[in-house]
Structures are given as C-alpha cells and as structure tokens.
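Breakdown of the fold
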Amino acid sequence: MVTLLKFDSSPMGERSISRKLTEKFAKSWLHAHPGGKVIERDLTTLNLPVVNGFWVGAAYTPEEARTPEQSATLATSDSLIADLQQADEYVFGVPMHNFGIPSTLKLWIDQIARAGKTFSYGPDGPKGLLTGKKATLLLASGGVYSEGTVMASFDFVAPYLRAVFGFLGITDITIIAAGGTAQLMSGKVDPETFLAPSLEKIHSHASI
Ligand SMILES: Cc1cc2nc3c(=O)[nH]c(=O)nc-3n(C[C@H](O)[C@H](O)[C@H](O)COP(=O)(O)O)c2cc1C
C-alpha cells in the first residue's frame, strides 16, 4: 500500500494557511491513489525534546554498546525515522517564522538527521540514506519571497529545506509557495481568491 506522511507545523490551527494547503494535497493525493494511506503528524503537538549532549553521545555510540538510558533517549528519534523509512511520499506544511522554519520543524529535523540512519559518511563524503522518496513542501508566508522579488534573499525556508532534505537523500522535491498571506489580515483579498491558484497547483501536483 502506498503511503503519504503529512506533516503540519503551523501553530495557528484552523486559521493556518499551510494546513489548508496540506489538507488539499492529502485529499487530491488520496483521490489519485485509491487504497493509499495518509499518516498525519502534527509537529506542534509532539513536544519534541531539544537535542542535547547526552542525545548526541547516544547517537554516536554503536547500537550494541548503548546503555538502556541511551537507547531510551533515542527512542523518539528511532520512531520518527521509521515513519520516514516506511512512507513513500511526504508532504510538509511550513509557515515562515522569522524568515526561517518554525522551531517545531527544526526540532523534528534535529531528531531525524542521524549518522548511520538517514545519512552516512563514506569515502566519497556524505551520502543520504532516505532515497526513492518524493517530498512536497507547501509554504506560507506573510510576505512574498519569490525569485526576482526584493525580499527573495530573506527566504531561508525553501533553500534550507532543499539542502537538508537533499543531504538526507530526498532529492525529488516540489515546492509550492503561498506568499503574501498578510493581505488576508488586512482584508485586501478574500481567502478563497487568495488560495485558489495555490490549491489548483497542489491539486495538479498531488494528482500525478
Ligand atoms: C512567529 C511568527 C513569525 C513570522 N515571521 C514571518 C517572517 O519572517 N516573514 C513573513 O513573511 N511572515 C512571517 N510571519 C507570517 C506567517 O508566515 C504567515 O502568517 C503565514 O501565513 C504562516 O503560515 P500559517 O498560516 O500556516 O501559520 C510570521 C508569523 C508568525 C506567527
């Protein structure tokens, strides 16, 4: 059975734009993959711990030599990585926070970037181990950061996620950005009109 892992990281609940985008993606994807399974992960409710020295020590201790405490410390990371290994495809809803990704998404990345599990170092340098996966990143930001705009160089969301996922072996990445959500706050545009072009792109992409 083909599986989609759907990640949300906006703390804004019902008012979130990125959550509307991932919801649309999942719906269109299920329509295109009858019998497929969508697994939802809300990164804002997982209470993921910050990676500390003990965690790093545990991660770099060979599995067979780990103490029970070290294994317990890595249990969350192990389970998040198993999620990724088992799924065929991923979709991420990502709000821009202070020109970067939300802290809950960064905590998750720190848990899943593991030497020997999701990447390795060999004679040819680092090698990503999450190969054969497809990822769609659905971004929402108050401002507009598309190529050629004055604010483009302030976007640390798309380049960072492309780099870190690429490092882990996920190179089949599609990014759809809904920039300019601030217009909704000011009432300049109604939500339906604003969302229509992004939802259209998402539907086409998820239906492939
Ligand atoms: C804590 C916080 C920081 C934000 N920082 C930025 C920012 O740096 N640039 C920007 O364009 N919008 C910023 N915004 C606006 C959000 O990107 C915008 O509201 C977007 O719609 C968030 O996605 P969401 O609706 O799914 O939560 C910020 C919003 C919050 C709550």
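Above: the structure in question.
So, here's what we can say about the structure. The residue numbers shown here count from 1 along each chain, following its written sequence. For a predicted model such as this one, the threshold for reporting local features is a pLDDT of at least 70, and the threshold for listing and counting side-chain atom pairs is 80 or more; totals across whole chains, interfaces and linings nevertheless cover every residue. Side-chain numbers come from the whole structure's heavy atoms, not from hydrogens or water.

**Some remarks on the nonpolar core**
To form a nonpolar core, buried Ala, Val, Leu, Ile, Met, Phe, Trp, Tyr and Cys residues must be joined to one another through side-chain atoms within 4.5 Å. Partly exposed describes any residue whose relative accessible area lies between the buried limit of under 20% and the exposed limit of over 50%, with all areas from a 1.4 Å probe on protein chains only and scaled to the type maximum. If you look at the biggest cluster of nonpolar residues, it comprises 31 residues, and the most contacted ones within it are Tyr90, Phe92, Leu105, Trp108, Leu161 and Phe165. Labels follow the DSSP assignment, with helices taken as runs of H or I lasting at least four residues and strands as runs of E lasting at least two, numbered in each case from the N terminus. Going through the elements one at a time, β1 (3-8), α4 (75-86), β3 (89-95), α5 (103-112), β6 (134-141) and α6 (158-167) are the ones with two or more residues in this core. In what follows, residue pairs with any heavy atoms lying within 4.5 Å of each other are defined as contacts. Those residues in contact with phenylalanine 92 that sit more than four places away from it in its chain are Phe7, Thr22, Leu105, Trp108, Thr136, Leu137, Leu138 and Phe165. Leu4, Leu138, Ala140 and Ile202 belong to the second-largest nonpolar core, a separate cluster that totals 15 residues.

**Notes on the packing of aromatic side chains**
Two descriptors summarise a pair of aromatic rings, namely the distance from one centre to the other and the angle between the planes of the rings. By convention, a stacked pair of Phe, Tyr or Trp rings (six-membered ring in the case of Trp) has centres within 6.5 Å and planes under 30 degrees apart, an edge-to-face pair has planes over 60 apart, and any other such pair is tilted. All chains considered together, the criterion is met by 9 aromatic pairs. With a centroid separation of 4.5 Å and 5 degrees between ring planes, the pair formed by phenylalanine 7 and phenylalanine 92 is classed as stacked. Highlighted residues: phenylalanine 7 in strand β1 and phenylalanine 92 in strand β3, separated in sequence by 85 residues. By relative accessible area, phenylalanine 92 is classed as buried at 2%. Site record: aromatic cluster; members linked through ring pairs are Phe7, Tyr90, Phe92, Trp108 and Phe165.

**Let's talk about the side chain of threonine 61**
Relative to the helices and strands, threonine 61 is located in the loop between α2 (53-59) and α3 (68-73). Residue threonine 61 is classed as buried on the basis of its relative accessible area of 17%. Pairs of N or O atoms are called polar contacts if they sit within 3.5 Å, as long as, within protein, a hydrogen donor faces a hydrogen acceptor (for residues adjacent in sequence, only side-chain-to-side-chain pairs). Engagement of the side chain of threonine 61 in a polar contact is seen with the backbone oxygen of glycine 57, the distance being 2.6 Å.

**Re the sheet that holds β1**
Paired through their backbone hydrogen bonds, the strands of a sheet run either parallel or antiparallel. Reading across the sheet, the 5 strands line up as β2-β1-β3-β6-β7 and stay open at both edges, with parallel pairing between neighbours. Across the chains shown, the open sheet's two edge strands, defined by having one partner strand only, are β2 (37-42) and β7 (172-179). Neighbouring strand axes in the sheet, compared pairwise and without regard to direction, differ in orientation by 15 degrees on average. Bridge count between β1 and β3: 5 bridges; the pairing is parallel. Among the inter-strand pairings, aspartate 8 is bridged to a residue of β3, identified as glycine 93. The rule for pairing is simple: two strands pair if DSSP sees at least two bridges between them. As a rule, the C-alpha atoms of each element are fitted with a line to give its axis, helices using only the stretch in contact, and angles between N-to-C directions run from 0 to 180 degrees.

**Structural notes on the packing of helix α1 (residues 17-32) against helix α8 (residues 191-206)**
For any two helices packed against each other, the geometry comes down to the angle between their axes and how far apart the axes lie. The N-to-C vectors of α1 and α8 enclose an angle of 35 degrees; their axes lie 8 Å apart at closest approach. As α1 runs across α8, the sense of the crossing is right-handed. Of the residues in α8, those touching α1 at Ile17, Lys20, Leu21, Lys24, Phe25, Ser28, Trp29 and Ala32 are Leu195, Ser198, Leu199, Ile202, His203, His205 and Ala206. Nonpolar residues are Ala, Val, Leu, Ile, Met, Phe, Trp, Tyr, Cys and Pro. Charged residues are Asp, Glu, Lys and Arg, and all others, Gly as well, are polar. Broken down by class, the residue content of the contact of α1 with α8 amounts to 9 nonpolar, 4 polar and 2 charged. Note: crossing handedness is left-handed where the near helix turns anticlockwise from the far helix by less than a right angle, and right-handed where it turns clockwise.

**A look at the pairing of β7**
Inspection of the sheet shows β6 paired to β7 by 8 bridges, in the parallel sense. Bridge pairing links lysine 134 to aspartate 172 in β7.

**Side note on the site of the ligand**
Contacts to the ligand come from 16 residues, most closely from Ser10, Ser16, Ser18, Gly143 and Tyr145. In this structure, a nitrogen atom belonging to the ligand sits 2.8 Å away from a main-chain N or O atom of asparagine 98. Separating an oxygen atom of the ligand from a backbone N or O atom of glycine 143 is a distance of 2.7 Å. For the ligand, the accessible surface in isolation is 620 Å², of which the surrounding protein chains cover 72%. Distances are taken per atom, and a residue is near a molecule or strand as soon as one of its heavy atoms is within 4 Å of it. Note on areas: Shrake-Rupley with a 1.4 Å probe; residue coverage comes only from the protein chains shown.

**A word on the side chain of aspartate 155**
Relative to the elements of secondary structure, aspartate 155 occurs in the loop between β6 and α6. Here the positive residues are Lys and Arg and the negative ones are Asp and Glu; neither His nor the chain ends is included. Just to be clear on terms, a salt bridge is a Lys or Arg side-chain nitrogen sitting within 4 Å of an Asp or Glu carboxyl oxygen. No salt bridge is formed by the buried aspartate 155, whose closest oppositely charged neighbour, arginine 162, lies at an N-O distance of 8.8 Å. Within the structure, the side chain of aspartate 155 is placed 2.8 Å from the backbone nitrogen of valine 157, a separation counted as a polar contact.

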